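Here is how the chains run, residue by residue.
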Amino acid sequence: AQSVTQLDSHVSVSEGTPVLLRCNYSSSYSPSLFWYVQHPNKGLQLLLKYTSAATLVKGINGFEAEFKKSETSFHLTKPSAHMSDAAEYFCVVSQNSGGYQKVTFGTGTKLQVIP
Amino acid sequence: DGGITQSPKYLFRKEGQNVTLSCEQNLNHDAMYWYRQDPGQGLRLIYYSQIVNDFQKGDIAEGYSVSREKKESFPLTVTSAQKNPTAFYLCASSMARQGETNYGYTFGSGTRLTVV
């Protein structure tokens with residue numbers, strides 16, 4: 001069985017300060033991990049993904065995430081928040097289940113950026 | 001530009017009525033998915049299809065039906081049996097084939113369905 005837990009439903013940061021969105025996962029096998037971003041009333045956009053290569057993954061818009069197997073974590077970070085980063089972020093785990101790609105979404109973290 | 005098109009953007013349904021949500025992709029992806037999104041619950045899988053003329057139930061398939069007659073198209077019908085259909089519906093596609101896990105999804109912009 002696999003699961004993903006996003007530890008904070010809401011995170012608030014000031015513009016220009018670092019962003020940390022936390023994600024822990026549970027998976028029976030070596031998973032692939034993803035972060036997506038969703039702006040209001042829009043679809044989800046892929047930010048970055050980890051697929052067993054480098055543990056530090058760089059994505060779009062200055063975001064990056066580090067895969068830590070010992071901590072079963074895949075936290076999303078950004079050195080300096082912009083107003084345009086205000087959105088909801090989803091952590092996703094994916095593994096092979098009976099020959100198909102089983103994907104589990106976290107419940108999301110809403111990021112608020114204060115001017 | 002390649003992508004996924006969902007239509008309509010907003011849809012209103014009367015009690016006891018079936019409605020169909022459209023999803024079309026020109027990415028040449030084999031796999032397509034329908035998700036339902038409710039506040040605070042993340043995304044829940046309704047149906048998925050890995051190839052044409054084949055589809056499988058997801059976690060919350062009751063009250064929904066799909067077809068996959070063409071690679072590009074994966075329409076979702078919300079039937080009158082779905083008791084609480086008001087939600088945001090997202091279609092996605094992936095180039096993942098059977099057993100592949102490292103492909104991300106491309107999402108459409110969603111359809112917001114409201115029961116009136």
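Look above for the structure.
Residues numbered from 1 in each chain as written. Chains lettered and ligands numbered in written order. Predicted model: local features only at pLDDT ≥ 70, side-chain atom pairs only at ≥ 80, totals over all residues. Heavy atoms only, no water.

Visitor: Explain the overall build of chain A here, please?
Guide: Along chain A, the regular secondary structure elements total zero helices and 12 strands. Walking chain A from its N terminus toward its C terminus, one meets helices and strands in the order β-β-β-β-β-β-β-β-β-β-β-β. For 115 residues, the compact-globule estimate of 2.2 N^0.38 gives 13 Å, and the C-alpha radius of gyration of chain A, at 14 Å, lies within 12% of that figure. Projecting the C-alpha coordinates of chain A onto the three principal axes gives extents of approximately 45 × 30 × 20 Å. In chain A, the proportion of contacts linking residues at least 24 apart, taken out of those at least 6 apart, comes to 56%. Looking at chain A as shown, the accessible area adds up to about 5,400 Å², and 52% of this sits on carbon and sulfur atoms. Separation of charge centres in chain A, based on 9 positive and 7 negative side chains, amounts to 8 Å. (Helix = DSSP H or I, 4+ residues; strand = E, 2+ residues; numbered from the N terminus. Rg over C-alpha atoms; globule rule 2.2 N^0.38 Å. Contact = heavy atoms within 4.5 Å. Areas by Shrake-Rupley, 256 points an atom, 1.4 Å probe, with all protein chains shown as cover. Lys, Arg positive; Asp, Glu negative; His and termini not counted. Charge placed at Lys NZ, Arg CZ, Asp CG, Glu CD.)

Visitor: Help me understand the interface of chain B and chain A in this model?
Guide: Often, the extent of an interface is quoted as the loss of accessible area upon association of its parts. Contacts between chain B and chain A engage 26 residues on the former and 22 residues on the latter. A combined buried area of about 1,900 Å² lies between chain B and chain A, and 50% of that area is made up of carbon and sulfur atoms. The tally of links from chain B across to chain A stands at zero salt bridges. Where chain B meets chain A, there are three residue pairs in polar contact (both at pLDDT 80 or more). Residue assignment for the side of chain B that touches chain A shows that the elements contributing at least two residues are strand E4 (31-37), strand E5 (43-51) and strand E9 (87-94) of chain B. Here the side of chain B that touches chain A is built from residues that sort into 10 nonpolar, 13 polar and three charged. (Buried area = accessible area lost by both parts, 1.4 Å probe. Salt bridge = Lys/Arg side-chain N within 4 Å of Asp/Glu carboxyl O. Polar contact = N/O pair within 3.5 Å; in protein donor to acceptor, adjacent residues only side chain to side chain. Nonpolar A, V, L, I, M, F, W, Y, C, P; charged D, E, K, R; others polar.)

Visitor: What's the story with the nonpolar core in this structure? I'm lost.
Guide: Residue and element names in this part refer to chain A. Among the nonpolar cores identified, the biggest contains 26 residues, and Trp35, Leu48, Leu76 and Tyr89 are the most heavily contacted of them. Here this core gets four residues from one element, more than from any other, and that element is strand E10 (residues 87-97). Each residue touching Leu48, except ones within four places of it in the same chain, is listed here: Leu33, Phe34, Trp35, Val57, Lys58, Gly59, Phe63, Glu64, Ala65, Phe74 and Leu76. (Core = buried A, V, L, I, M, F, W, Y, C linked by side-chain atoms within 4.5 Å. Buried < 20%, exposed > 50% of the residue type's maximum accessible area, 1.4 Å probe, protein only.)

Visitor: What is the right way to read the pattern of salt bridges from this model?
Guide: On inspection of all chains with the given rule, the structure shows six salt bridges over all chains. Put simply, Asp8(A) and Arg22(A) hold a salt bridge, and the shortest N to O gap is 3.1 Å. Within this pair, whereas Asp8(A) is found in the loop between strand E1 (3-6) and strand E2 (10-14), its partner Arg22(A) is found in the loop between strand E3 (19-21) and strand E4 (23-26), the two being separated by 14 residues in sequence. With relative accessibility at 32%, the residue Arg22(A) sits in the partly exposed group. One connected set of salt bridges, linked through shared partners, spans Arg36(B), Asp38(B) and Arg44(B).

Visitor: What is the right way to look at the sheet that holds strand E1 (residues 4-7) of chain B in this model?
Guide: Residues and elements named next belong to chain B. Spatially, four strands are ordered E1-E3-E8-E7 in an open sheet, and the strand pairing comes out antiparallel. The open sheet terminates on both sides in strands that have one partner only, identified here as E1 and strand E7 (64-66). Neighbour-to-neighbour, the strand axes of this sheet turn through a mean angle of 20°, independent of strand direction. Sheet analysis places E1 next to strand E3 (residues 19-25), joined by four bridges and oriented antiparallel. Bridging from a neighbouring strand, Ile4 pairs with Gln25 of E3. (Pairing = 2+ DSSP bridges. Axes fitted to C-alpha atoms, helices over the stretch in contact; angles between N-to-C directions.)

Visitor: How should the environment of Ser28(A) be read in this particular structure?
Guide: Position of Ser28(A) among the secondary structure elements: in the loop between E4 and strand E5 (32-38). When the C-alpha positions of Ser28(A) and Asn96(A) are compared, they lie 9.9 Å apart, and in sequence the two are 68 residues distant.

Visitor: Explanation requested: the pairing of E5(A) in the structure shown.
Guide: Looking down a regular strand, the side chains alternate between one sheet face and the other. Residue and element names in this part refer to chain A. Burial of E5 is extensive: seven of the seven residues sit out of reach of the surface. Of the two faces of E5, the one lined by Ser32, Phe34, Tyr36 and Gln38 and the one lined by Leu33, Trp35 and Val37 are each fully buried. With seven bridges connecting them, E5 and E10 associate as antiparallel partners. Considered in E10, the bridge of Phe34 is made with Val92. For E5 and strand E6 (residues 44-50), the ladder comprises six bridges, and the chain directions are antiparallel. By the bridge assignment, Phe34 is partnered in E6 with Lys49. Between E5 and E6, which follow one another and run antiparallel, lie five residues, and Asn41 among them has a positive phi close to 60°.

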